[in-house]
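Each chain is listed here by its residues.
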Amino acid sequence: MNQEVKLMKGNEAIAHAAIRCGADGFFGYPITPQTEIIETLAALKPWETTGMVVLQAESEVAAINMIYGGAGAGKRVLTTSSSPGIALMQEGIAYMAGAEVPGVIVNVQRGGPGLGTIQPSQADYFQATRGGGNGDYQVIVLAPNSVQEMADFVDLAFELAFRYRNPAMILSDGIIGQMMEKVVLPPMKPRRTEEQIKKECPWATIGRTKDRQPNIITSLELKPEEMEKRNLALQQKYARCKEREVRFETQQCDDADYIIVAFGSAARIAEKAVEIARGEGIKVGLFRPITLWPFPEKQIAELAQKVKGILVTEINAGQMIQDVKLAANGATQVRHFGRLGGIVPEPQEIVDNLKKMMNHE
């Protein structure tokens, strides 16, 4: 089979992949640095080829509630935005988690707080991995570090969202969204028929027919005893997800004295830092969490037993470091290096901070 290789931005890859993985609908609102996603979908006009709906909503709040409605009917629907826009969606995401409705949200992060800057950031880690809205819930979070993974993770996010009936997020940033790389686009997959949805999603709100009662999807439960049952069931589901869906990547960790832990675009920069440090005789490896939730805590705990120190590199003030510290549990020193306000760190800065950690053992 001939693979289709194209040069495109990460944002464009999201749009192409959404069509190719059989998405039924996109509902979104423009915001820098992810507007190319909705622009690309508008240019490709999938409603003329696959029947996929592409709609610019009047706001991010409207977009996430359209996702809630479409996903409640068993459809593969997604939305994309950037940091302040995702903040507006948190109520809808919490409703989806509470009602156990699958859907995909893409966050191409920019600096904050508030309107902040249009430059890249990774400062929405807490928002993504700690729920972000009200109540005890989790969002499945995938962190791509390439244009290829932007394309690959769309179908994966849908797969996980439907497997666990839960919102799934692709947590990208302005670097990956805007940079151009070669990408192998996924093969075309047809949209599911109404019969397939009926079979695969017995919970979906697709009306009352002769052979089934109507479904009701809600996150509301007025009796506290029933609400507790629902919450306990959610926690059991999250535990299954943590057991089965952890994804990560390691580079040169086997003989490493030190480990750099980084995700997304920071991991790309850290790859070069590892190369520089190795060239200077420093035995350092890279650990890249791919699922930020569920977080690869067991794997980091094992590494922490073997190394002299862990440097967590993020484009924020220090967020993932909390999860790394919890996983390491005091077995080794854990330090942080990050840049803020949209400034992207240089590989040499990471190496310099690694040496500082080595000198303060």
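Coordinates for the structure precede this section.
Summary of the structure given here. (Residues numbered from 1 in each chain as written. Predicted model: local features only at pLDDT ≥ 70, side-chain atom pairs only at ≥ 80, totals over all residues. Heavy atoms only, no water.)

1. Digging into the overall build of the chain
(1) Moving on: When helices and strands are tallied, the chain shows 14 helices and 14 strands.
(2) Moving on: In terms of overall size, the chain behaves like a compact globule, its C-alpha atoms giving a radius of gyration of 21 Å where 361 residues would be expected to give roughly 21 Å.
(3) Moving on: For the chain, the spread of C-alpha atoms along the three principal axes comes to 70 × 50 × 45 Å.
(4) Moving on: Residue burial in the chain is summarised as follows: out of 361 residues, 55% are buried.
(5) Moving on: Long-range pairs, those at least 24 residues apart, make up 78% of the contacts in the chain between residues at least 6 apart in sequence.
(6) Moving on: Of the roughly 15,900 Å² that the chain leaves accessible, carbon and sulfur atoms contribute 51%.
(7) Moving on: One finds the centroid of the 40 positive side-chain charges in the chain at a distance of 4 Å from the centroid of its 43 negative side-chain charges. (Helix = DSSP H or I, 4+ residues; strand = E, 2+ residues; numbered from the N terminus. Rg over C-alpha atoms; globule rule 2.2 N^0.38 Å. Buried < 20%, exposed > 50% of the residue type's maximum accessible area, 1.4 Å probe, protein only. Contact = heavy atoms within 4.5 Å. Areas by Shrake-Rupley, 256 points an atom, 1.4 Å probe, with all protein chains shown as cover. Lys, Arg positive; Asp, Glu negative; His and termini not counted. Charge placed at Lys NZ, Arg CZ, Asp CG, Glu CD.)

2. What about the sheet that holds strand 12 (residues 291–293)?
(1) Moving on: With mixed pairing, the seven strands of this open sheet are ordered in space as 3-2-4-5-7-6-12. Edge positions in the sheet fall to strand 3 (53–56) and strand 12, since each has one partner strand and no second. Here the average twist between neighbouring strands, direction ignored, is 20°.
(2) Moving on: Two strands pair when backbone bridges link them, and strand 5 (residues 103–109) and strand 7 (residues 167–173) are joined in this way by seven bridges, in the parallel orientation. For Val 104, the partnering residue across the bridge sits in strand 7 and is Ala 168.
(3) Moving on: Across the sheet, helix 2 (residues 35–44) is in contact with strand 2 (25–28), strand 3, strand 4 (77–81) and strand 5; its angle to strand 2 comes to roughly 135°.
(4) Moving on: Helix-sheet contacts for helix 5 (residues 90–99) involve strand 5 and strand 7, and the interaxial angle to strand 7 is about 145°. (Pairing = 2+ DSSP bridges. Axes fitted to C-alpha atoms, helices over the stretch in contact; angles between N-to-C directions.)

3. Quick look at the environment of Glu 194
(1) Moving on: Here Glu 194 shows up in helix 9 (residues 194–200).
(2) Moving on: Glu 194 sits in the partly exposed class, given a relative accessible area of 46%.

4. Comments concerning the sheet that holds strand 11 (residues 284–289)
(1) Moving on: Read from one edge to the other, the open sheet built from five strands follows the order 9-11-10-13-14, with strand pairing classed as mixed. One side of each edge strand has no neighbouring strand; the edge strands of this open sheet are strand 9 (248–251) and strand 14 (333–338). Sheet twist, expressed as the average angle between the axes of neighbouring strands with direction ignored, equals 20°.
(2) Moving on: Most of the contacts of helix 11 (residues 264–279) go to strand 11, to which it runs at about 170°, and overall it touches strand 9, strand 10 (258–261), strand 11 and strand 13 (309–314).
(3) Moving on: With respect to the sheet, helix 12 (residues 297–304) is in contact with strand 9, strand 10, strand 11 and strand 13, its orientation differing from that of strand 11 by roughly 165°.

5. Points about helix 11
(1) Moving on: Over its 16 residues, helix 11 extends 24 Å from the first C-alpha to the last, a length consistent with the 22 Å expected when each residue adds 1.5 Å.
(2) Moving on: Inspection of helix 11 places Gly 264, Ser 265, Ala 266, Ala 267, Ile 269, Ala 270, Ala 273, Val 274 and Ala 277 among the buried residues, and these make up the whole buried set. (Expected span 1.5 Å × (residues − 1).)

6. Quick look at the nonpolar core
(1) Moving on: Ranked by size, the top nonpolar core spans 93 residues in total, and within it Met 52, Ile 259, Val 261, Ile 310 and Val 324 carry the most contacts.
(2) Moving on: Of the residues forming this core, the biggest block, twelve residues, is contributed by helix 7 (residues 147–164).
(3) Moving on: Those residues within four positions of Val 261 in sequence are excluded, and the remaining contacts are Phe 287, Pro 289, Ile 300, Ile 310, Leu 311, Val 312, Thr 313, Met 320 and Val 324.
(4) Moving on: Ranked by size, the runner-up nonpolar core spans 20 residues in total, among them Tyr 258, Ala 262, Ala 266 and Leu 354. (Core = buried A, V, L, I, M, F, W, Y, C linked by side-chain atoms within 4.5 Å.)

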